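# Structural overview for review
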Amino acid sequence: MLSLHKQKKIKVKIAIVGAGAAGLFLAALLSKHPQLQIYVLEKSTKTGTKLKASGGGKANLLNAHISGDCYNNAAFVNKLLQQVDGNKVLQAFHDMGLATVTDEEGRIYPASLYAPAVVEVLYANMKNNVHILTETEVKTLEYRSSGWHVGGVDMFFDRLVLATGTPAGMIRKNRAGYNDYLSCLDIKINAYKPSLTGFKIKHYPAMLHGCRTRAVVKLWQGKTLLFEERGELTFKEDGVSGIVILNASAIYNRLKNKNGCYLMVNFLYYDERFDIQQYLQQHASLCGVVHPKINELYCKQHIDVQNYRMDIEEPYDYEFAQVCTGGIDTEELTADFELKAYPHLYAIGEMLDIDGVCGGYNLFFAFASAYTVAQNIVYGDKNSEH
Ligand SMILES: Cc1cc2nc3c(=O)[nH]c(=O)nc-3n(C[C@H](O)[C@H](O)[C@H](O)COP(=O)(O)OP(=O)(O)OC[C@H]3O[C@@H](n4cnc5c(N)ncnc54)[C@H](O)[C@@H]3O)c2cc1C
């Protein structure tokens, strides 16, 4: 098949289902090619909703140290990184006029530190060959000889890109029937589970509610250390959250057998060899070395502040999750994110069974998968298996 950049005169109609991070980035990339007519079909009244809320409203777009190890499927992501690394995604944003800043841990943000600005930049790069149709829910898909028929809009398209995300971050009412339209396709979809979420803790000391402090956190299963990271913890009414805990939850959620998992927390994060007995010979409490609420717990229950064990009851539900594990199995895809079983049908972003830890990895995957599809649509099907 002739690639689109050689087919200057033929108009090609493309539908992108979902106006989230992946869908909007793809629309902006494709818009440079006047031979394409791009329709973005979005069920909600708003677009870019999760992107605007990401990174606490600052949008941690990607990370300077992306590697497959930060995801549930390292092999798949490492293969993607050979085609599209962080520099390519960053360059695409810079070409669109978005300035970025990188913090000392490699997290990359828009220079304005304002997530909605990213959506504005994407819109600014869409020309009049992009049509965004909100309140347009796709309900069915069917391949007919003339292309993809999309129920909900009753239109035909030459290419169809699915970018409908997952129910992460949604209340029960909004996540009912999420992505049910995929039942039109004969593909393997792994069950969704909330990830990057906090943990409910057994026998939780309510007095910790409201405490926010740094610590070294380890996730153990029996005698096996699964995860260790230093970072901020936020104590809630019945459990614990914060980036370090969200990252521990990504590891926990991937376990088939979750029995015997617990967190071990060292509140003296800045000096793991701190001699607490020596300190207490000179001072009546630990108020000079830990958060007041941790000191209160120490005074009342004599906890070991260097090895404080918290037994996991369960992860918090979808509405507190930043992403979901599960989704379209990567075995269904070519390296260009085209579905092997269906012509000219692609799937990108979080709706695939790829999830990363906190730090810009999930948005990077949404953008990098969109970038790959844009290259494939414009320059040809080099990895196609049809
Ligand atoms: C609070 C929060 C903070 C986060 N912070 C970060 C961060 O800082 N860095 C990071 O890397 N990741 C972060 N994430 C994760 C990241 O935002 C997501 O992984 C990313 O937005 C996924 O993009 P997407 O385009 O695949 O899906 P989405 O952004 O979820 O977009 C999917 C779109 O499809 C639409 N849709 C669904 N079904 C249909 C249908 N049938 N028809 C039409 N439209 C449909 C939806 O309404 C939605 O607009 C955060 C997530 C949350 C919830």
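Residues numbered from 1 in each chain as written. Predicted model: local features only at pLDDT ≥ 70, side-chain atom pairs only at ≥ 80, totals over all residues. Heavy atoms only, no water.

### Details of the sheet that holds strand β8 (residues 147-151)
Here we have three strands laid out as an open sheet, ordered β7-β8-β9, and antiparallel in their pairing. If you trace the sheet from one side to the other, it starts and ends with β7 (140-144) and β9 (155-157), each paired once. Geometrically, the sheet is characterised by an average inter-axis angle of 30° between neighbouring strands, direction not taken into account. Inspection of the sheet shows β7 paired to β8 by five bridges, in the antiparallel sense. (Pairing = 2+ DSSP bridges. Helix = DSSP H or I, 4+ residues; strand = E, 2+ residues; numbered from the N terminus. Axes fitted to C-alpha atoms, helices over the stretch in contact; angles between N-to-C directions.)

### Quick notes on unusual backbone geometry
In this model, Glu135 sits at a positive phi of 50°, which is unusual for a non-glycine residue. Even without glycine at this site, His344 takes up a positive phi of about 55°. Within the secondary structure layout, His344 lies in the loop between β18 (323-328) and β19 (345-347).

### Things to note about the side chain of Asp329
You can see Asp329 is positioned in the loop between β18 and β19. At a separation of 3.0 Å, a polar atom in the side chain of Asp329 contacts the side chain of Asn190. Here Glu331 takes part through its backbone nitrogen, which lies 2.9 Å from a polar atom of the side chain of Asp329. Not counting the four nearest positions on each side in its chain, Asp329 is found in contact with Lys188, Ile189, Asn190 and Asp353. (Polar contact = N/O pair within 3.5 Å; in protein donor to acceptor, adjacent residues only side chain to side chain. Contact = heavy atoms within 4.5 Å.)

### What to know about the packing of aromatic side chains
Inspection of the entire model under this criterion finds 16 aromatic pairs. Where Phe199 meets Tyr252, the ring centres are 5.2 Å apart and the plane angle is 80°; that geometry is what we call edge-to-face. Residue Phe199 is found in strand β12 (residues 199-201), and its partner Tyr252 is found in helix α7 (residues 243-254); the two are separated by 53 residues along the sequence. Taking 6.0 Å as the distance between ring centres and 40° as the angle between the ring planes, the aromatic pair formed by Phe267 and Tyr308 counts as tilted. Remark: Tyr308 occurs in strand β17 (residues 308-315) and Phe267 occurs in the loop between β16 (261-266) and α8 (276-282); sequence separation between them is 41 residues. The exposure class of Phe267 is buried, given its relative accessible area of 3%. Judged by its relative accessible area of 10%, Tyr308 falls in the buried class. Connected via pairs of aromatic rings, a cluster forms that spans Tyr71, Phe76, Phe337, Tyr361 and Phe365. Its end group placed over the ring of Tyr109, Lys58 keeps NZ or CZ at 5.4 Å from the ring centre. (Phe/Tyr/Trp six-rings, centres within 6.5 Å; stacked < 30°, edge-to-face > 60°. Buried < 20%, exposed > 50% of the residue type's maximum accessible area, 1.4 Å probe, protein only. Lys NZ or Arg CZ within 6 Å of the ring centre and 35° of its normal.)

### Considering the domain arrangement of the protein chain
For the protein chain, the domain assignment lists domain 1 (4-194 + 325-379) and domain 2 (199-316). Centre-to-centre separation of domain 1 and domain 2, based on C-alpha positions: 36 Å. Listed by partner, the interface residues are 10 residues for domain 1 and eight residues for domain 2. For the pair domain 1 and domain 2, the summed buried surface comes to about 680 Å²; carbon and sulfur atoms form 52% of the total. Taken as a group, Pro194, Val357 and Cys358 account for 56% of the area that domain 1 buries against domain 2, more than any other trio of residues on that side. Viewed at the interface, domain 2 and domain 1 are joined by one salt bridge. The partner of Asp355 in a salt bridge is Arg254, and the shortest N-O contact between them spans 3.2 Å. For the pair domain 1 and domain 2, the number of links is three residue pairs in polar contact (both at pLDDT 80 or more). (Domains from an automatic or database assignment. Buried area = accessible area lost by both parts, 1.4 Å probe. Salt bridge = Lys/Arg side-chain N within 4 Å of Asp/Glu carboxyl O.)

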